[in-house]
Amino acid sequence: MLDFDQSSIGAFLKNKFAGFQPQMVSFEYGTVDSCADGIVHVSGLSRAKYGELLEFAGDMYGIALDMSLDGVSAALLSGGSVRPGSVARGTGRVADICVGRELLGRVIDPIGRPLDGLPLETRAFRPVEAAAPAIMDRSPVDTPLETGILAVDSMIPIGRGQRELIIGDRQTGKTSIALSAMMNQKTSGVICVYCAIGQKASSVASLVHSLQESGTMDHTVVVASTAADSAAMQYLAPYAACAVAEFFMYNGQDALVVYDDLSKHAVAYRAMSLLLRRPSGREAYPGDVFYLHSRLLERAARLSPEKGGGSMTALPIIETMAGDISAYIPTNVISITDGQIYLESELFHAGVRPAVNVGLSVSRVGRAAQYDAMKKVSGSLRLEVAQYRDMAVFAQFGADVDAATKKLLDRGERMTELLKQPREEIQTLADQTALLTAFQMDVLAAVPVKSVSAFEAGLLQFLRKEHGELMATIDTTHKLDDDSAEDLRKAIRAFAEGWEA
């Protein structure tokens with residue numbers, strides 16, 4: 001039997017009791033004055049914070065969005081209403097969302113509830129609203145984020161940490177470009193977050209199914225707020241998706257977040273603001289609608305090595321009406337982002353897909369976000385596409401053209417066919433390099449326009465089969481040295497000589 005020193009045990013307990021500080025938990029209560037259209041006005045709650053979650057009777061929650069001297073106005077996160085006179089309780093918690101690797105492959109709503117019917121256990125949380133990284137904490141954008149789309153990677157390159165807007169009318173392929181970029185990250189180590197705002201639940205389910213079939217869901221988190229959700233949930237969705245992506249960025253990883261789309265986000269915020277009786281401005285949007293998106297998109301960054309070197313790339317999507325990019329929300333987001341990919345309805349209906357308008361599309365990071373191999377072969381491509389599109393306008397009227405113009409038009413037609421790419425078809429860096437090299441060599445001049453796609457498919461199949469080592473070298477080193485370039489040209493020439501339409 002052990003012999004304890006009774007005096008030392010007493011002294012230990014006495015010290016523990018003396019140092020004990022009871023944890024007092026206090027809650028603040030208010031009274032519901034009115035509830036209409038998902039907006040609750042509460043008197044009291046003088047210590048409530050902006051964005052704080054408020055709890056109402058019936059297990060309903062709202063988010064505080066308006067502070068005044070006589071109380072708080074909150075937007076309900078779920079449907080239904082709250083009875084006037086009932087009690088409202090401040091939780092003391094600003095809206096946050098669960099984050100972590102446990103979310104990969106899952107579909108959640110903006111407050112972290114799983115929507116795929118499976119249990120979800122996470123330990124880490126982040127507030128949905130957070131300050132953007134300071135300028136001194138950022139690094140220049142110099143690493144490409146490849147989309148696998150030839151027209152984008154060659155002419156409008158996207159870098160890790162960039163904010164590139166995808167803009168165009170409805171049904172012009174905006175989401176397809178974003179999905180191709182996500183699908184192309186299967187081997188790059190980039191974590192993808194897709195945010196659906198105000199879409200039909202069936203559309204979100206179809207998109208998730210496509211991601212699962214392609215194996216993309218393994219490195220993807222889907223944050224969804226459907227059209228059936230309240231305006232407050234649609235308002236929170238992009239900030240929640242950004243918080244999920246920020247977890248990976250601050251842990252030294254690269255993340256890609258797609259906001260589909262911010263037009264519906266602005267509409268949801270406008271509805272909430274008008275119901276909160278805030279003054280309206282242009283097109284009935286509130287005066288802070290610019291800040292609504294700027295504080296979201298500024299959180300995308302490439303961090304400095306001292307901060308872990310992670311990055312978050314943002315691909316916001318904006319839907320235009322009749323191609324009007326001078327409307328209020330499009331001009332706001334264009335001024336915030338580092339460039340835009342403009343998709344044109346006329347090109348889309350003419351069969352040019354992706355329907356990228358080169359004249360109105362730009363990447364403000366430019367060639368800094370391209371690998372050396374792509375820099376060497378894509379030199380004047382953008383200029384040639386722009387010249388051809390301008391010249392084709394005159395040619396369609398049947399005007400007589402000289403030999404030089406005829407050659408430019410013939411070359412432009414083949415270039416347009418080369419840049420066409422079926423939906424969800426991904427091209428590697430080596431594939432893109434080979435196709436642009438073939439175009440530079442002018443071997444397509446002898447190929448009929450209708451046979452360009454067949455020539456392209458045959459060339460890539462031939463190179464992968466007969467020159468797989470050369471293609472693998474380009475993909476792994478991201479460079480095209482003189483010897484490799486010469487070998488590639490010889491291989492293309494050999495295929496072109498033996499090819500029959």
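What this report covers is the structure whose coordinates are included nearby.

Scoring rules and cut-offs
Think of each chain on its own: its residues are numbered from 1, step by step along the sequence as written. Only residues with pLDDT of at least 70 get local features here, since the model is predicted, and only at 80 or more are side-chain atom pairs given and counted; chain-wide, interface and lining totals rely on the full set of residues. Excluded from the side-chain calculations are hydrogens and water; all other atoms, namely the structure's heavy atoms, are used. Starting at the N terminus, helices and strands are each numbered in turn, a helix being any DSSP run of H or I of at least four residues and a strand any DSSP run of E of at least two. Here's how the labels work: a residue is buried when its accessible area is under 20% of the maximum for its type, exposed when over 50%, partly exposed in between, all with a 1.4 Å probe on protein chains only. Accessibility throughout is a Shrake-Rupley quantity obtained with a 1.4 Å probe, and a residue counts as covered only by protein chains that appear here. What a helix should span is 1.5 Å times the count of its residues minus one. Note on charges: Lys and Arg go in the positive column, Asp and Glu in the negative column, and His and the chain ends are not counted at all. Here, a salt bridge means any Lys or Arg side-chain nitrogen found within 4 Å of an Asp or Glu carboxyl oxygen. Here a polar contact is recorded for every N or O atom pair within 3.5 Å, except that within protein the pair must consist of a potential hydrogen donor and a potential acceptor, and residues adjacent in sequence are included only if both atoms are side-chain atoms. What makes two residues a contact is simply this: any of their non-hydrogen atoms within 4.5 Å. Any two strands with at least two DSSP-identified bridges between them are counted as paired. Working convention: axes come from line fits to C-alpha atoms, limited for helices to the stretch in contact. Angles between N-to-C directions cover 0 to 180 degrees. Here, two cysteine sulfur atoms that lie within 2.5 Å of each other are counted as a disulfide. Centres within 6.5 Å make a pair out of two Phe, Tyr or Trp rings, where for Trp the six-membered ring is used; the pair is then stacked when the planes are under 30 degrees apart, edge-to-face when over 60, and tilted otherwise. Remark: a charge is flagged as sitting over a ring if the NZ atom of Lys or the CZ atom of Arg is within 6 Å of the ring centre and within 35 degrees of the ring normal. This arc corresponds to the set of directions leading from the helix axis out to the C-beta atoms.

### Here's the deal with the overall build of the protein
So, point 1. If you tally the helices and strands in the protein, you get 16 helices and 16 strands.
So, point 2. Taken along the three principal axes of its C-alpha coordinates, the protein extends 95 × 70 × 40 Å.
So, point 3. Across the 501 residues in the protein, those meeting the buried criterion constitute 50%.
So, point 4. With an accessible surface of roughly 23700 Å², the protein has 54% of that area assigned to carbon and sulfur atoms.

### Quick notes on helix H6 (residues 262-275)
So, point 1. Given a rise of 1.5 Å per residue, 14 residues ought to cover 20 Å, and the 20 Å separating the end C-alpha atoms of H6 matches this to within 8%.
So, point 2. Looking only at H6, the buried set comprises Leu-262, Ser-263, His-265, Ala-266, Ala-268, Tyr-269, Met-272 and Ser-273.
So, point 3. Just beyond H6, the residue with positive phi is Arg-277, at close to 65 degrees.

### Considerations on unusual backbone geometry
So, point 1. A cis geometry characterises the amide bond from Asp-260 onward to Asp-261, with omega recorded as -10 degrees.
So, point 2. Along the chain, Asp-261 turns up in the loop between strand E13 (254-260) and H6.
So, point 3. In this structure, Pro-354 follows Arg-353 across a cis peptide bond, with omega equal to 5 degrees.
So, point 4. Position of Pro-354 among the secondary structure elements: in the loop between helix H9 (345-349) and strand E16 (362-363).
So, point 5. In this structure, Gln-171 is a non-glycine residue whose phi angle is positive, near 60 degrees.
So, point 6. Judged by relative accessible area, which is 58%, Gln-171 ranks as exposed.
So, point 7. Positive phi is not limited to glycine here, since Ala-322 has a value of about 55 degrees.
So, point 8. Checked against the element boundaries, Ala-322 lands in the loop between strand E14 (311-319) and helix H8 (328-336).

### Side note on the side chain of Asp-169
So, point 1. Tracing the sequence through the fold places Asp-169 in the loop between strand E10 (165-168) and helix H3 (174-183).
So, point 2. Although buried, Asp-169 forms no salt bridge, and the nearest oppositely charged side chain, Lys-174, lies 7.2 Å from it.
So, point 3. Side chain to side chain, Asp-169 and Thr-320 meet in a polar contact 2.5 Å long.
So, point 4. Here Ser-345 takes part through its side chain, which lies 3.4 Å from a polar atom of the side chain of Asp-169.
So, point 5. If near-sequence neighbours (up to four positions away) are discounted, Asp-169 is found in contact with Lys-174, Glu-319, Thr-320, Met-321, Ala-322, Gly-323, Leu-343 and Ser-345.

### Brief notes about the sheet that holds strand E8 (residues 107-108)
So, point 1. Strand order in the open sheet formed by eight strands is E8-E12-E11-E13-E14-E10-E15-E16, and the pairing between neighbours is mixed. Lying at the two open borders of the sheet, with one neighbouring strand each, are E8 and E16.
So, point 2. Here H3 sits on the sheet in contact with E10, strand E11 (191-199), strand E12 (220-226), E13, E14 and strand E15 (339-343), set at roughly 165 degrees to E14.

### Quick word on the sheet that holds strand E2 (residues 39-44)
So, point 1. Pairing in this closed barrel of six strands is antiparallel, and the strands run E1-E2-E5-E4-E3-E6 around the ring. The mean inter-strand angle of the sheet, taken between neighbouring strand axes irrespective of direction, is 45 degrees.
So, point 2. Strand direction decides the pairing type here: strand E1 (residues 28-36) and E2, joined by six bridges, are antiparallel. Within the sheet, the bridge partner assigned to Cys-35 lies in E2 and is Val-40.

### Details of the environment of Val-377
So, point 1. With respect to the secondary-structure elements, Val-377 resides in helix H10 (residues 372-377).
So, point 2. Assessed through its relative accessible area of 6%, Val-377 is described here as buried.
So, point 3. The spatial distance from the C-alpha of Val-377 to the C-alpha of Ser-154 is 8.5 Å, given a sequence separation of 223 residues.
So, point 4. Contact partners of Val-377, with chain neighbours within four places excluded, come to Thr-433, Leu-436, Thr-437, Gln-440 and Leu-480.

### As for the pattern of salt bridges
So, point 1. One pass over the full model with this rule turns up 20 salt bridges.
So, point 2. Note that Asp-142 and Arg-302 form a salt bridge whose closest N and O atoms lie 2.6 Å from each other. Of this pair, Asp-142 sits in the loop between strand E9 (124-127) and helix H2 (150-155) while Arg-302 is found in the loop between helix H7 (289-297) and E14, placing the two residues 160 residues apart along the sequence.
So, point 3. Taking relative accessible area as the criterion, Asp-142 reaches 44% and is therefore assigned partly exposed.
So, point 4. In this structure, Asp-410 and Lys-406 form a salt bridge, with 3.0 Å as the shortest nitrogen-oxygen distance. Taken as a pair, Asp-410 and Lys-406 lie in helix H12 (residues 403-419) at a separation of four residues, close to a single helical turn.

### Looking at the state of the cysteines
So, point 1. Per the stated rule, a full pass over the model turns up zero disulfides.
So, point 2. Considering cysteine sulfurs only, Cys-195 is the nearest to Cys-98, which forms no disulfide, with 14 Å between them.
So, point 3. Note on Cys-242: no disulfide assigned, nearest cysteine sulfur contributed by Cys-195 at a separation of 9.8 Å.

### Focus: the packing of aromatic side chains
So, point 1. Scanning the model with the defined rule gives seven aromatic pairs in all.
So, point 2. Clustering of aromatic rings is evident, with ring pairs tying together Phe-455, Phe-462, Phe-495 and Trp-499.
So, point 3. For Arg-411, the ring lying beneath its charged end belongs to Phe-439, and the centroid distance is 4.2 Å.

### Here we look at helix H15 (residues 468-477)
So, point 1. Considered for burial, the residues of H15 that qualify are Leu-470, Met-471 and Ile-474. Along the axis of H15, the buried residues cluster in a sector spanning 100 degrees; they form a single face. Set apart from the buried face of H15 by more than 90 degrees, the exposed residues are Glu-469 and Thr-476.
So, point 2. Contacts made by the buried residues of H15 are with H10, helix H13 (429-440), helix H14 (452-466) and helix H16 (482-498).

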